[in-house]
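Summary of structural features
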Amino acid sequence: MEVFEAVQTALAVRDFQRKPVDDSAILRIIESARLTGSSMNQQPWHFVVVQNRDTLTEIGKLVSSGPYNAQAAFAVAVAIDRSSPFGISDASRAIQSMILTAWSEGIGSNWTGWKGMDSVASLLGIPTELDVVAVMPFGYPARILNKGKKRRKKLLEVAHSERFGQPLIGQLP
Ligand SMILES: Cc1cc2nc3c(=O)[nH]c(=O)nc-3n(C[C@H](O)[C@H](O)[C@H](O)COP(=O)(O)O)c2cc1C
């Protein structure tokens, strides 16, 4: 899948088939995170892959905004170095790499939770100097979402040409 097509079509997936994801796809998804660029190339991140069903069930209980982690084929806990001022930006880029890499192979995912997931950290044995900023469930989507459509602000509302307020549309060569 071409990169723009993946960006254009990827949606947040919250409902997964029972079908497992094979290890080579899991590895590619994690590789895409590892290979992502970070501020000053510090790579202040760790990615904990969880496939154990009991652990996924526990995660589903701990992440109140992501109970569907329990149904995922696997989940990735993303933890950043608490001392890194750019940790969230770096992790966000790595997360997007994983979302797009997965999507290009027909695997859906989403970002669940936010900083301070200490209960998830303790469940997974993640050291206290790291902060769990996201838990990402992955799996084959159970259904087509929103008829494949995205709800986004119009280009005119968010894109500007040369100066704020000047519309971009019609300005590009
Ligand atoms: C920083 C961040 C945190 C998010 N947290 C959650 C969450 O806790 N639970 C959830 O179901 N979705 C979460 N999302 C997913 C957003 O709700 C989703 O990206 C947005 O609604 C757009 O969805 P769409 O791409 O399917 O249109 C989060 C997204 C981001 C970027």
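Below is a summary of the structure that appears in this document. (Residues numbered from 1 in each chain as written. Predicted model: local features only at pLDDT ≥ 70, side-chain atom pairs only at ≥ 80, totals over all residues. Heavy atoms only, no water.)

The next subject is the site of the ligand. Taken together, the neighbourhood of the ligand is formed by Leu-11, Ala-12, Arg-14, Ser-65, Tyr-68, Asn-110, Trp-111, Thr-112, Gly-113, Trp-114 and Arg-152. Between the ligand and Gly-113 there is a distance of 2.9 Å, counted from an oxygen atom to a backbone nitrogen or oxygen. Arg-152 places a side-chain nitrogen or oxygen 2.8 Å from an oxygen atom of the ligand. Alone, the ligand offers 630 Å² of accessible surface; in the complex the protein occludes 60% of this. Split by residue class, the shell around the ligand holds five nonpolar, four polar and two charged. (Near = heavy atom within 4 Å. Polar contact = N/O pair within 3.5 Å; in protein donor to acceptor, adjacent residues only side chain to side chain. Areas by Shrake-Rupley, 256 points an atom, 1.4 Å probe, with all protein chains shown as cover. Nonpolar A, V, L, I, M, F, W, Y, C, P; charged D, E, K, R; others polar.)

To continue, consider the environment of Leu-62. With respect to the helices and strands, Leu-62 occurs in helix H3 (residues 53-62). As for Leu-62 and Lys-154, which are separated by 92 residues in sequence, their C-alpha atoms are 36 Å apart. Leave out the neighbours within four places in its chain, and Leu-62 touches Ser-119, Val-120 and Leu-123. (Helix = DSSP H or I, 4+ residues; strand = E, 2+ residues; numbered from the N terminus. Contact = heavy atoms within 4.5 Å.)

Interaxial distance between helix H2 (residues 23-34) and helix H4 (residues 87-103) falls to 8 Å at its minimum, and their mutual angle equals 150°. Our pair here, H2 against H4, has a crossing hand that is right-handed. In contact with Arg-28, Ile-29, Ile-30, Ser-32 and Ala-33 of H2, H4 contributes Ala-94, Ser-97, Met-98, Thr-101 and Ala-102. (Axes fitted to C-alpha atoms, helices over the stretch in contact; angles between N-to-C directions. Left-handed = near helix turned anticlockwise from the far one by under 90°.)

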